[in-house]
Amino acid sequence: MTITIEIISPIISKRADKEHFANDMVKSEENYVELGCIVKSDGEVVRDRVVKASSNRDSSQSKVINGTGTLRKKFYRGERRESVYFYPFHYEFRTPGKHVLTFECEGVSASVDLVVKPKKP
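Residues numbered from 1 in each chain as written. Predicted model: local features only at pLDDT ≥ 70, side-chain atom pairs only at ≥ 80, totals over all residues. Heavy atoms only, no water.

Caption draft 1: Layout of the sheet that holds strand 11 (residues 108-117). Judged by pairing direction, the sheet is mixed, and its five strands sit side by side in the order 2-11-10-5-6 without closing on themselves. With partners counted over all chains shown, the strands left at the sheet margins are strand 2 (20-21) and strand 6 (63-66), one partner each. Pairing analysis gives four bridges linking strand 5 (residues 50-55) to strand 10 (residues 97-105), with the strands arranged antiparallel. Among the inter-strand pairings, Ser-55 is bridged to a residue of strand 10, identified as Leu-101. (Pairing = 2+ DSSP bridges. Helix = DSSP H or I, 4+ residues; strand = E, 2+ residues; numbered from the N terminus.)

Caption draft 2: Quick look at the pairing of strand 11. Relative to strand 11, strand 2 is paired through two bridges, and the arrangement is parallel. Across the sheet, the residue bridging to Phe-21 is Lys-117, located in strand 11. Sheet analysis places strand 10 next to strand 11, joined by nine bridges and oriented antiparallel. Directly across from Gly-97, in strand 11, lies its bridge partner Val-116. What sits between the antiparallel neighbours strand 10 and strand 11 is a turn of two residues, in which Glu-106 has the positive phi angle 50°.

Caption draft 3: Local environment of the packing of aromatic side chains. A complete count under the given rule lists three aromatic pairs for this structure. Where Phe-89 meets Tyr-91, the ring centres are 5.9 Å apart and the plane angle is 45°; that geometry is what we call tilted. As far as burial versus exposure is concerned, Phe-89 and Tyr-91 are alike and both buried. When the ring of Phe-89 is compared with that of Phe-103, the centres are 5.9 Å apart and the planes differ by 80°; the resulting orientation is edge-to-face. With a gap of 14 residues between them, Phe-89 in strand 9 (residues 87-92) and Phe-103 in strand 10 connect regions that are remote in the sequence. Using a relative accessible area of 1% as the deciding quantity, one classes Phe-89 as buried. One aromatic cluster is present, built from ring pairs that chain together Phe-89, Tyr-91, Phe-93 and Phe-103. (Phe/Tyr/Trp six-rings, centres within 6.5 Å; stacked < 30°, edge-to-face > 60°. Buried < 20%, exposed > 50% of the residue type's maximum accessible area, 1.4 Å probe, protein only.)

Caption draft 4: Layout of the environment of Asp-48. Here Asp-48 lies in the loop between strand 4 (44-46) and strand 5. Asp-48 gets classed as exposed once you look at its relative accessible area, which sits at 56%. As for Asp-48 and Met-25, which are separated by 23 residues in sequence, their C-alpha atoms are 33 Å apart. Ignoring anything within four residues of it in the chain, the contact list for Asp-48 reads Gly-67 and Tyr-87. (Contact = heavy atoms within 4.5 Å.)

Caption draft 5: Quick look at the pattern of salt bridges. For the structure shown, the criterion picks out five salt bridges. We note a salt bridge from Arg-49 to Glu-106, for which the minimum N-O separation is 3.0 Å. With Arg-49 in the loop between strand 4 and strand 5 and Glu-106 in the loop between strand 10 and strand 11, this pair connects stretches of sequence that are 57 residues apart. Classification of Arg-49 as buried rests on a relative accessible area of 14%. For Asp-113, the salt bridge is made with Lys-98, and the minimal N-O distance between the two is 3.5 Å. Residue Asp-113 is found in strand 11, and its partner Lys-98 is found in strand 10; the two are separated by 15 residues along the sequence. On the accessibility criterion, Lys-98 (44% relative accessible area) is partly exposed. (Salt bridge = Lys/Arg side-chain N within 4 Å of Asp/Glu carboxyl O.)

Dropping the structure here:
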């Protein structure tokens, strides 16, 4: 059995590739990100696994996701529209610097690096 993980941005306006700023509380979409991961076993999407989502900067936001239930995301991969189960992770930027957000499932991990700027004046 081969497990693979793909990180996605399930909400377009809260993508990982946007500019982010630190703040001690969420004031705008620049202060957080919505990520998710798609877990596949032997190439087939699975929704019944245990996934750990974590950060190198703020362990208080880490969480364990035990299955996705009926949570699905529709998005386009090239020209093809897909609807897949995903494991969600809401993460708030409370400190500036490099944030490494990691998803892990059954010994396999994938991460995304985000550089967060200091609070806007």
